[in-house]
Structures are given as structure tokens and as C-alpha cells.
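Listed here are the chains, written in short residue letters.
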Amino acid sequence: MQILHTPHYMSTAFISLSSDKNSGSLGCFGWMLVIISLLFIGVTFPITLFMCVKIVNEYERAVIFRLGRISDRKPKGPGLFFVLPCTDNFVKVDLRTVSFDIPPQEILTRDSVTVCVDGVVYFRIHCPISSVANVSNAHLSTRLLAQTTLRNVLGTKNLAELLSDREGISLSMQESLDEATDPWGIKVERVEIKDVKLPQQLQRAMAAEAEASREARAKIIAAEGEMNASRALKEASLVIAESPSALQLRYLQTLNAIAAEKNSTIIFPLPIDVMSNFMQRK
């Protein structure tokens, strides 16, 4: 395994070319074929010029293979580059960010709840040589690895963490994918969890639990309100007991409030002490 340094794309690129030091050498027969190809170009010039000149776009790079070996430590492009018609072939690599959807995955969480989760992954190729030489299909391999990574990461989370900590799960998936795909020359830029689908029975159970919790909180709030009201009434009764005329004023205020509503019935409260006097006379 030879380590090629490509400063424009990645710090280290792992290229499985050859185990010896002279892996980039073409040998005598290889150089002979290159010389014959150059002679052929010279004889047939300028017809072969159209076969030798290639163009790659700004967002593309070309990895050139000469007699089956990578001819340079860095890819060609963008713009014009030259190839030998008989000995060279090249592979174009797109450097733009690519996105794909992770198909819905049936996942068993740590607390034994089955959920269906899908997501989206954004990645790009930052080392064209590694993406061509180290993996047969970088895009397909990244898709398959994203599915298994989603299962592995979510299998260690319980349902509460899955529903509340999506950002942490996405970051953990991104780090795992980026580390696994780095030898392929791929940079995973972003991973997002799109949707978490729960079973219908579990949704009904969670809805019933939430409703019961809301009812319990409502009863507690109502009980606290009644307790505070009773304390306020107790304090008001103590104030009224200190001044008997305050009760008469409160009575007049109540009559004023009733008269403002245009009611035909007026209730006159009578103290119990007065009624007890009449009862004693009888």
C-alpha cells in the first residue's frame, strides 16, 4: 500500500497500487509502448490532436491511468489536459455535493421499541484518486454504509433520546460516516433525520399518557387555586370581623352589582343571629 500526498484534496490518500517502491514505474515494455504512441501521434498529427486533448469542467477532475497505473499524484483539471490515445484512459470525478435519501429503516431501540426512521445525507468527493482507486463505486458504497450506520447509531438510543436529541444523533452519524468514508476520498458534510414513525398502538398509548398528565396538572392547578381562594377569604373574614360596618358596606356593594345586571330578583341576606332571636321567642 502506497500513501500519496495530495495537498489540494486531502492530507493522506490511501492508494492500493503496489507494495514495492517502484510502483509508479512503467518498465521497459511500458516505456516502449509510450514511445510508440508518441511516434503515432507525430505521424498522424494533427488528426490525433482531437483524440489527445480532453476537457473537464470546473466541478470535475480527471484521474489518468497510463497502462493501468495512475500516472500522476494529483488529478487533472479543470480545463484542458492531454492523454496518449493508445496507452492512457481517464475517469471523470464530480466534486459537487451529492444528496440522497436513506430509505426507511425498521429499528429496534435500546428500550425495545420498534420505530421506522429515514434520513438524508449530503457528501462530496474531496480526493478523486482515492474515490477511484480505493472503492469500485463510491456513491453506492456510501449509500449502503449510511443505512447500516443509521441502524447501529439508533440501536444504542432509547425512544426518548430518539425523539428529543435528533441533532446529537445526526452529529454522531456524520462523524461515523466521515471516518468510515475518509479512505474512499469522501467528505460527509451533513446528516439529518427526516422522520420518525411510531406504531399506531404506541401513538395511542403516548396520547393517552399525555392527556392523563395534562388532566392531572389541571386538577393540581385548580386545587391550588381553591386553596389560595380559601386563604384570601379567611383573611377577608378577619378584616370584616374587626369592623362590623365593613360587612354592611360589602352588602351594599353586592346590591349595586346585582342592580347593574337588571335583575328582577333581589336576595336580602339575614344574619343568623337575628333569626336565632326570633326562634328563642317562640
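Cut-offs used in this document
- Residues numbered from 1 in each chain as written.
- Predicted model: local features only at pLDDT ≥ 70, side-chain atom pairs only at ≥ 80, totals over all residues.
- Heavy atoms only, no water.
- Pairing = 2+ DSSP bridges.
- Helix = DSSP H or I, 4+ residues; strand = E, 2+ residues; numbered from the N terminus.
- Axes fitted to C-alpha atoms, helices over the stretch in contact; angles between N-to-C directions.
- Parallel < 35°, antiparallel > 145°, perpendicular 65-115°, else oblique.
- Left-handed = near helix turned anticlockwise from the far one by under 90°.
- Contact = heavy atoms within 4.5 Å.
- pLDDT = per-residue confidence, 0-100.
- Patch = residues over 30% accessible without salt bridge, like charges linked within 9 Å, V, L, I, M, F, W, Y side chains within 5 Å.
- Areas by Shrake-Rupley, 256 points an atom, 1.4 Å probe, with all protein chains shown as cover.
- Salt bridge = Lys/Arg side-chain N within 4 Å of Asp/Glu carboxyl O.
- Buried < 20%, exposed > 50% of the residue type's maximum accessible area, 1.4 Å probe, protein only.
- Polar contact = N/O pair within 3.5 Å; in protein donor to acceptor, adjacent residues only side chain to side chain.
- Core = buried A, V, L, I, M, F, W, Y, C linked by side-chain atoms within 4.5 Å.

Two modes of strand pairing occur in sheets, parallel and antiparallel, and in both the strands are linked by backbone hydrogen bonds. Judged by pairing direction, the sheet is antiparallel, and its three strands sit side by side in the order β5-β4-β7 without closing on themselves. Only two strands of the sheet have a single partner each, and these edge strands are β5 (69–70) and β7 (88–94). Relative to β5, strand β4 (residues 60–66) is paired through two bridges, and the arrangement is antiparallel. Pairing of Arg 66 across the sheet is with Arg 69, part of β5.

For the rest of this paragraph, the subject is the packing of helix α4 (residues 138–154) against helix α6 (residues 166–181). The contact between α4 and α6 brings their axes to 10 Å, and the two run at 135°. Taken together, the axes of α4 and α6 are oblique relative to one another. Relative to α6, α4 is oriented so that their crossing is right-handed. Between α4 and α6, the residues in contact are Thr 142, Leu 145, Ala 146, Thr 149, Leu 150, Val 153 and Leu 154 and Ile 169, Ser 172, Met 173, Ser 176, Leu 177, Ala 180 and Thr 181, respectively.

Bringing the confidence of the model for the protein into the picture now. Per-residue confidence for the protein averages 79 on the pLDDT scale, and 82% of its residues sit at or above 70. Overall, residues 1–24 carries pLDDT values under 50, and its contacts beyond four positions in sequence, including any with other chains, amount to 50 contacts.

Here we have three strands laid out as an open sheet, ordered β8-β9-β10, and antiparallel in their pairing. What marks the edges here is a single partner per strand, and that holds for β8 (98–108) and β10 (186–197). This sheet shows a mean twist of 25° between the axes of neighbouring strands, independent of strand direction. Where strand β9 (residues 114–125) meets β10, ten bridges bridge the pair, whose relative direction is antiparallel. Pairing of Phe 123 across the sheet is with Val 188, part of β10. Docked against the sheet, α4 engages β8, β9 and β10, running at close to 35° with respect to β8. Where α6 meets the sheet, it contacts β8, β9 and β10, and its direction lies at approximately 145° from that of β10.

Attention shifts here to a nonpolar patch on the surface. On the surface, a nonpolar cluster with roughly 330 Å² of combined accessible area is contributed by Met 32, Leu 33, Ile 36 and Leu 67. Of note, Ile 36 is situated in helix α1 (residues 27–44).

Let us look at the environment of Ser 131. Counting through the fold element by element, Ser 131 comes out in helix α3 (residues 128–133). You can call Ser 131 buried: its relative accessible area is 7%. In this structure, the C-alpha to C-alpha distance between Ser 131 and Thr 181, residues 50 residues apart in sequence, is 9.4 Å. Of the polar contacts made by the side chain of Ser 131, one reaches the backbone oxygen of Pro 128; its length is 2.7 Å.

To continue, consider unusual backbone geometry. A cis amide bond links Gly 77 with the next residue in sequence, Pro 78, at an omega value of 0°. With respect to the helices and strands, the residue Pro 78 is situated in the loop between β5 and β6 (79–82). One non-glycine residue, Ser 112, adopts positive backbone phi at about 65°. Residue position: Ser 112 is located in the loop between β8 and β9. The class for Ser 112 is exposed, based on a relative accessible area of 59%.

With that settled, the discussion passes to the nonpolar core. Core analysis: the biggest nonpolar cluster contains 34 residues, and Val 115, Val 117, Val 121 and Leu 150 have the highest contact counts within it. Not counting chain neighbours up to four residues away, the residues in contact with Val 121 comprise Val 98, Ser 99, Phe 100, Ile 102, Ala 146, Leu 177, Val 188, Arg 190 and Val 191. Counting five residues, the second-largest nonpolar core is a separate cluster that includes Val 56, Ile 64, Phe 81 and Val 83.

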